[in-house]
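Coordinates in review
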Amino acid sequence: MPAISQVKPMVQGGSSRKSSLSAPRKASITGFFSSSKVNTTQSLDPDKFSSLMSYHAVDFEESVECFQEHSNKLKTLLECEACNLYLVNEKEHQLYTIMKGKDGKPTKVFKPMDRGLGSQVVDQVDGLIVDNVQLSPRWDSTIDELAMFTTSSYLAWPLRSPSGECIGSIEARNKIDKSAFSTSDTQVAQIFAQQLSSAIVRSKQNALLADRDDAFRKAYEKNFDASEAIVLKDREREARLSGDASLNFAASELGVETMSISDIQRWDYDVFTKSMEELEMLFIDIFEDRGLFGRFSIDIKTFMAFTKNIVMGYNATPYHNHFHAFDVMHVAYLFISTCNADGFLEDFNVLSLLVGAIAHDVGHDGYNNAFHATTMSELAITYNSISILENYSAAFLFRTTKVSGCDIFERMDNTELKKLRGRLIEMILDTDAKNHFILMTRFKHGMEMKQLSRGLLSSMILHISDVSNPTRPNSVSRKWSFAVQEEFFRQGDEEKRLGLAVSPFMDREYENLPRMQGAFIDAIVSPVFHLCAEFLPLIEKNCIKNMQVNRAFWNKLQNKQILTTADVKKDIERGEAEAGQGTDNGEEVEQVGESLSSKNFRAPEGEQSAIPGIPQNAPKEVSDKQRKMSLIALKDSQTENFSMQVAMMAEEDEAHQPISNFFSFSKRDHDAFKKKCCQWLDGNWVQLIMLFCTAYALIADDLSLWIGDKENDGALSIITFVVLILFTLELLLSMYCVPEYMYFFFWLDLIAALSLIPEIGFLVGEDDFSSSGANKLEEHGTLTRAGRAAKAGARAGRVARVLRLIRLVRIIKLFKWMTGYFKRKAQEIMDHSEDADEAEEVDMKMSNVGRKMTESITKKVILAVIFMLLMFSLFEDLPTPDARVWQLDDITKLRNETIREEFKNNYISRYISGDSDNPTTLFKLVGIGDMYEKEGHMAGLRSIEIEQIWAPSNNSVYALFDISKESQNTAMHSFIMTLVVTALLASLSMLFSRDAYTIMIKPIEKMKHTVQKLSENPFLHLEKLKKEDGKDIKDENETDMLEAAITKMARLLQIGFGSAGAEIIANNLSDGGELNPMVPGSKIEAIFGFCDIREFTFATEGLQQDVMLFVNKIAEITHKHVVESGGAPNKNIGDAFLLVWKLKAGGGELQKSLFDNALLSFMKIIDEIKKMGNLAAFMEGAPENASWRSSLQDFKVHMGFGLHMGWAIEGSIGSKVKVDASYLSPHVNLASRLEAATKQFKVPLLMSEDFVKGLTGSAQNNCRRVDSVTFKGSNEPMKIFHFDSEAFEEFAKGGQSDDVKALLAECKWDKAQAKAKGIDLAEVDNLFGSKKGVLVKQIYDRAFESYVDGDWGKAKIILVLWLERFPQDKVAAVLLERLKEAGFQAPPGWPGYHALTEK
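Calculation notes
- Residues numbered from 1 in each chain as written.
- Predicted model: local features only at pLDDT ≥ 70, side-chain atom pairs only at ≥ 80, totals over all residues.
- Heavy atoms only, no water.
- Helix = DSSP H or I, 4+ residues; strand = E, 2+ residues; numbered from the N terminus.
- Buried < 20%, exposed > 50% of the residue type's maximum accessible area, 1.4 Å probe, protein only.
- Contact = heavy atoms within 4.5 Å.
- Areas by Shrake-Rupley, 256 points an atom, 1.4 Å probe, with all protein chains shown as cover.
- Salt bridge = Lys/Arg side-chain N within 4 Å of Asp/Glu carboxyl O.
- pLDDT = per-residue confidence, 0-100.
- Pairing = 2+ DSSP bridges.
- Axes fitted to C-alpha atoms, helices over the stretch in contact; angles between N-to-C directions.
- Phe/Tyr/Trp six-rings, centres within 6.5 Å; stacked < 30°, edge-to-face > 60°.
- Lys NZ or Arg CZ within 6 Å of the ring centre and 35° of its normal.
- Patch = residues over 30% accessible without salt bridge, like charges linked within 9 Å, V, L, I, M, F, W, Y side chains within 5 Å.
- Left-handed = near helix turned anticlockwise from the far one by under 90°.
- Nonpolar A, V, L, I, M, F, W, Y, C, P; charged D, E, K, R; others polar.
- Expected span 1.5 Å × (residues − 1).
- Disulfide = S-S within 2.5 Å.
- Core = buried A, V, L, I, M, F, W, Y, C linked by side-chain atoms within 4.5 Å.
- Arc of directions from axis to C-beta.
- Polar contact = N/O pair within 3.5 Å; in protein donor to acceptor, adjacent residues only side chain to side chain.

1. A short note on the overall build of the protein
Summing up its helical and strand segments, the protein has 54 helices and 22 strands in all. Residue burial in the protein is summarised as follows: out of 1399 residues, 49% are buried. Within the protein, counting contacts between residues at least 6 apart in sequence, those at least 24 apart form 73% of the total. Working note: accessible area of the protein is about 68,800 Å², and carbon and sulfur atoms make up 55% of it.

Spelled out as structure tokens, the structure:
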């Protein structure tokens, strides 16, 4: 029988057990073969373990390359001849692998799961080892054997999912050394299989998530509406924090009536001080400011009836009363208008939010849901104890709309009404306190996924408005606190009466108001407001600051043991009396609140509700794939326990992580590490340290000799050694990560580093000048050679000093870093500068040409200076021997000892103290009689400060001199030379480079910079060329001419192609290939404006050649205002112009300011043309005697304008011979048809309904419906609008024209007809007399709605009343004229619109 072993996972302690994550589908096959002994004591090789840990099986795909990559990796780890990876095909009950077929294409190779040796591992927990497969009864060569291969030994291990299901297997065959597979190999296979299994499972999960993305999104966002998705892009927090200044600017410029908006947009607005009439007017003002009356055709009478019925539904409870309703509605409006929520909410969302706010607690009886559920009240029974009061309020709201005259949604179609009803119910139910943390979880999850919905945002705004009392100014906030406490006590009293347990904070015998408010802020308000502030940062300024003040206020009262409502009120009154101030609670609380950081009252991260599947410490910037994984709480399987050796090698805190995350050093990681090393080398601190090290290496030795002493040499040697190590580390890292470093600077840095070694005393040692040292030299016969070497050493010393100057190269490198550092600092300063052109100049990067030329010049300067210094040192004449040498030699030659002794004494006395001619001092003489030595003198000298001279005739006679003064002078000269050479290198490098840079490199860099920036941003503003006065073009450099030409050509490209040609410019400038103007089209969303000059044919015939002056003046006015508003001109078609405002792709912001600005630009154009008057004002530069001046002097210039929003295909139209960059779309045509319709409706501007929806509420409020039509080529009905830039009173000026008089004369009516049509003439008179434009406009809106509904008789009466009041209103006159032509009877089957056939 063959030796077959079932291998079980090893665990610490040597025991084996099944992993809970590896349960087989059926029982393992045990005892089928007899098992042979396996070496279980063999440990996993550490090198193999490290290699295994570097295996990073993260991405997996079913491809030949992926299968081969993993198989080859396992083959290397197991040191075997062949490895294979198989996956399970459940449907076919087969195993398969992917290989290259004979034709080189990927081919799946199958084998059955129920036959053969390889199938055995599928049905068992553990792997198996077979020493000789030929002896195995389960071995089937037709199934198990590979083609052109003979298997002897065999190892297999299953791949299992987290649930224990087998998803595949790995097989290894034939150890290379012909031995059998060991337990160590099974450990490798086990770990490898776990990593690979995790990768396969992740790939399948990701594929599943990708396929089911919509389903998961709906699971995350209940009632998710894809049309209302807010896709959050990475952008600066300040973008939302700064607000939308252009929006407010546009609204004011458009002449929008602002009412008392400044009064109601206040966070200290106190509803307790307002009457019911004032609160109802607040509701009207808010609806008017958001443009909701006109947008949803809400009749003001119906609105007032609805409001009164809702208010009447509120009970007289201390807190949940109509004051609370109006307050929550007002706060919701403040979030919309002052916290920039308006940028994410459409009109539909604003309507549902405001209506939901006013009705969210209607019918509340002052007792909470828990009380109703406990007492089994009728409401609890009706609504099954689920969000009892919220369900009742939602039902009350829609019952109110069923009351006659109260349905504010009556003009909505069924689809929109159904959506609104679902949204309102959802929002009101989300105000249930039980849903607080669920709502926070959904909102946080949506932010982390970077995909919210407008419905979820609306629910969150309503919820935080409902709990916003602690975020209001203290004078308002504490009033609500008193009301809440009183309502709590009412419930507590009722609970006592019924014998129920009293709810927390509801027992008036144990009142602690500060504690209740503090707990409410800390547990509920602070976390939710901080969460919302991450999305709407202005909440922090408007709300969180007040919350901190209020928290400090209640904390102060708690510390003072002022606990009851009565005591709190007394304390407030006392404080106001003492401070002599208004209703604010003194400055003390304000100061405390200012000093508190928001984090003091923010719930700790660990206490916030965790989102299922998302770690609390997870980073916010995560990939979409990662976040999708978190939706269903997917996690990798807990890895099986390894052998004891593996457990000891792995870190304890990584034992439960996927093995694939332990170590990895792929090519990508290698490149990342190299990049990190480069960043580290270029870091400010590293470069600063190296700067000090370089300065030390250059001057430390000279300074030590000049002003130091021998005692400090040891410390200096240690420092020098440290500097040498740092230089060496920098050199090695530069070799690793700096490109082209080895070519030049490596050798200079190497020489600079090696030149430090002679300065390290404990490495090179000191010269021995003692007697014993001399005797040793003499014994070895080296004294003579030492004397000769001294001469060569002097020259070498000077050369070494020169070589040491190579360290100056490091100064050059550091000089580059300093230049870059200061340039970055200058850029930071310029980023905050208003001079954009100057900032752009600083940001310009050096070109490749400039860098190469600068480096070349620097290298040559360095080499030239070093070569010059070397030559000077090598050819410098050595000084001739001085008198001391010859005198010593003469004394040595004397035979008479007495005379020799006398001359010796004279020699000593002469040189024992130095003089100005010879500053050296003799302190030792050896070889002539008795040795002379100045005791202790040599101990304080360095070896370099000692000079040894020999008698030429006798090398055993020598003298030692103290040359410390000479060494100091030499060191001083060397120090000065270092500074001079440093200055020389810097100045020469700068001088040689400056002219080349100024004349050649800088212009080339500017040209390259211009082209590069233009390719990145085709709309880049190019600075106009400025020439010196009187400078002739012939005197300019050729580079200046090229630069000017490139700038002009770039401007021509921008002007010629416009915004639609941005991609053409960018693609062709960034691509080094052939010219390709035919760029593929791209779909965009944009606002399209079309304008046309009226009676242009007549003007052209009269103006003749001067018509160009006229058209270009109109174009100048039009283009100027369009560009200022953020748009771009596209087509100029003689008398017509196409203008485009492109909307940003993706994201959740509605970009309402861009819509407002587009409208504003057209209104400015209309106004400017109107002010210019007759034709002559447009003809600047025309001849005074032009013929048209008499014939066209009374010609008035008029234009028509159309605005629409929709999609279009932006791209090239034409061929490589001639292209136009423009837009193709039916929406572009629709804009032109709107302009054409202005002639029919006798107004200068018409707007589509899609465009009007994009405007801010304030701008929408001044938009008036003109007609409901279908345009040629479209069957989709659309309401078209006109913008009333003036108040209606302006239409009353000038009286009735003859046309209006004739029209009114044909539209007879009487009071009986009006009464029959349900027209209340008294009410109409009251509306006409109102000072609020929205109420006056209601009269026209009723006429238009009657027209759409087909009641043209009623529409006629109202329009007549309107024209009698405002006879100059052409919109009403045209509509009445249309009714008259039809006999004031709607056509049979009138659908509410008609076809507008005129193009």
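2. Focus on the pattern of salt bridges
Here the structure, examined in full by the defined rule, presents 44 salt bridges. Asp270 is paired through a salt bridge with Lys479; the nearest N and O atoms lie 2.6 Å apart. Of this pair, Asp270 sits in the loop between helix H8 (261-264) and helix H9 (276-289) while Lys479 sits in helix H20 (residues 474-497), and the two are 209 residues apart along the sequence. The buried category is assigned to Asp270, whose relative accessible area is 11%. Two residues, Arg472 and Asp327, come together in a salt bridge whose shortest N-O distance is 2.8 Å.

3. So, the confidence of the model for the protein
With 69% of its residues at a pLDDT of at least 70, the protein reaches an overall mean of 74. At the level of individual helices and strands, the protein shows its lowest average pLDDT in helix H25 (residues 624-631), which scores 32, and its highest in strand E19 (residues 1245-1248), which scores 94. Of the regions scoring below 50 in pLDDT, residues 255-259 engages in 15 contacts with residues more than four places distant in sequence or in other chains. In the predicted structure, residues 1023-1035 sits below a pLDDT of 50 and forms 8 contacts with residues beyond four places in sequence or in another chain.

4. Concerning the sheet that holds strand E12 (residues 946-951)
Read across the open sheet, the 4 strands follow the order E11-E10-E13-E12; overall the sheet is antiparallel. With partners counted over all chains shown, the strands left at the sheet margins are strand E11 (932-933) and E12, one partner each. Most of the contacts of helix H37 (residues 883-893) go to E12, to which it runs at about 40°, and overall it touches strand E10 (921-926), E12 and strand E13 (954-962). Strand contacts of helix H38 (residues 897-911): E10, E11, E12 and E13, with the helix running at about 155° to E10, the strand carrying the most contacts.

5. Here we look at the packing of aromatic side chains
All told, the structure shown has 34 aromatic pairs when counted by the stated rule. Ring geometry for Phe283 against Phe287: centres 5.0 Å apart, planes inclined by 80°, an arrangement best described as edge-to-face. Taken together, the residues span about one helical turn, with Phe283 and Phe287 both in helix H9 at a distance of 4 residues. Note on Phe287: relative accessible area 0%, which makes it buried. Plain terms: the ring middles of Phe293 and Phe303 are 5.1 Å apart, the flat faces sit at 80° to each other, and that makes the pair edge-to-face. Here the residue Phe293 occupies a position in helix H10 (residues 292-295), and Phe303 occupies one in helix H11 (residues 300-313), the gap between them amounting to 10 residues. Ring pairs connect the aromatic residues Phe1288, Phe1291, Phe1328, Tyr1340, Trp1362 and Phe1366, which therefore count as one cluster. For Lys1356, the ring lying beneath its charged end belongs to Phe1384, and the centroid distance is 4.9 Å.

6. Some thoughts on the environment of Ile946
With respect to the helices, strands and loops of the structure, Ile946 is situated in strand E12. With relative accessibility at 10%, the residue Ile946 sits in the buried group. Residues Ile946 and Phe961 lie 15 residues apart in sequence; the distance between their C-alpha atoms is 5.7 Å.

7. Thoughts on the pairing of strand E3 (residues 94-100)
Relative to E3, strand E2 (residues 80-89) runs antiparallel, the two being bridged by 3 bridges. Looking at E3, one finds that Leu87 is bridged to Tyr96. With antiparallel pairing between neighbouring strands as the criterion, E2 and E3 make up a hairpin whose turn holds 4 residues, including His93 at a positive phi of roughly 55°. Taken together, the 7 bridges between E3 and strand E4 (residues 106-112) define a ladder with antiparallel strand orientation. Each residue of the ladder has a partner; that of Gln94, found in E4, is Pro112. Two successive antiparallel strands, E3 and E4, enclose a turn made up of 5 residues, where Gly104 displays a positive phi of approximately 85°.

8. Regarding a nonpolar patch on the surface
Side chains of Ile718, Phe721, Val722, Ile725, Leu729, Leu754, Ile757, Phe762 and Leu763 sit close together on the surface and give an oily, nonpolar patch of about 790 Å² of accessible area. For the nonpolar patch, the elements supplying multiple residues, two or more each, are helix H29 (713-737) and helix H31 (761-764). Looking at which element gives the most residues to the nonpolar patch, the answer is H29, with 5 residues. Counting through the fold element by element, Ile718 comes out in helix H29. The class of Ile718 is exposed, set by a relative accessible area of 52%.

9. Overview of the packing of helix H53 (residues 1352-1365) against helix H54 (residues 1370-1381)
It is the contact of H53 with H54, at a shortest axis distance of 10 Å, that shows an interaxial angle of 145°. Between H53 and H54 lies a crossing whose hand is left-handed. Across the interface between the two elements, Trp1352, Ala1355, Lys1356, Leu1359, Val1360, Trp1362 and Leu1363 from H53 touch Ala1372, Ala1373, Leu1375, Leu1376, Arg1378 and Leu1379 from H54. Split by residue class, the contact of H53 with H54 holds 11 nonpolar, no polar and 2 charged.

10. Thoughts on the pairing of strand E6 (residues 154-160)
Most of E6 is tucked away: 7 of the 7 residues are buried. Taking every second residue as pointing to the same face, both faces of E6 are buried, with Tyr154, Ala156, Pro158 and Arg160 on one and Leu155, Trp157 and Leu159 on the other. One ladder, built from 7 bridges, connects E6 with strand E7 (residues 166-175); its direction is antiparallel. Paired with Leu159 across the bridge in E7 is Gly168.

11. A short note on H29
Across its 25 residues, H29 extends 36 Å between first and last C-alpha, which sits within 8% of the 36 Å expected from 1.5 Å per residue. Residues of H29 that are buried include every one of Asp713, Ser717, Thr720, Val723, Leu724, Phe727, Glu730, Leu731, Ser734 and Cys737, and no others.

12. Side note on the state of the cysteines
Inspection of the entire model under this criterion finds 0 disulfides. With no disulfide of its own, Cys339 lies 5.3 Å from the sulfur of Cys543, the closest cysteine sulfur. The exposure class assigned to Cys339 is buried, which follows from its relative accessible area of 1%.

13. Focus: the nonpolar core
Counting 147 residues, the largest nonpolar core has Phe287, Phe335, Leu351, Phe529 and Ile539 as the members making the most contacts within it. In contact with Phe287, other than residues within four places in its own chain, are Leu292, Phe293, Ile298, Phe303, Leu351, Leu354 and Val355. Within the second largest apolar cluster, 41 residues are counted, among which are Leu1159, Ile1169, Val1252 and Phe1281.

14. So, the environment of Phe1281
Within the fold, Phe1281 resides in strand E21 (residues 1278-1283). Each C-alpha atom, one on Phe1281 and one on Val1252, is 7.6 Å from the other, the two residues being 29 residues apart in sequence.

15. Points about helix H51 (residues 1321-1328)
Along H51, the positions that sit buried rather than exposed are Glu1323, Val1324, Leu1327 and Phe1328. An end-on view of H51 places all buried positions within 140° of arc, on one side of the element. Exposed side of H51, more than 90 degrees from the buried face: Asp1325 and Asn1326 are the residues found there. Looking at the buried side of H51, the elements it contacts are H11, helix H52 (1333-1349) and H53. One side-chain oxygen at the N-terminal end of H51 lies 3.2 Å from the backbone nitrogen of Ala1322; it belongs to Asp1320.

16. Notes on unusual backbone geometry
At Glu79, a position not held by glycine, the phi torsion is positive, near 55°. As for its position among the elements, Glu79 is in the loop between helix H2 (64-78) and E2.

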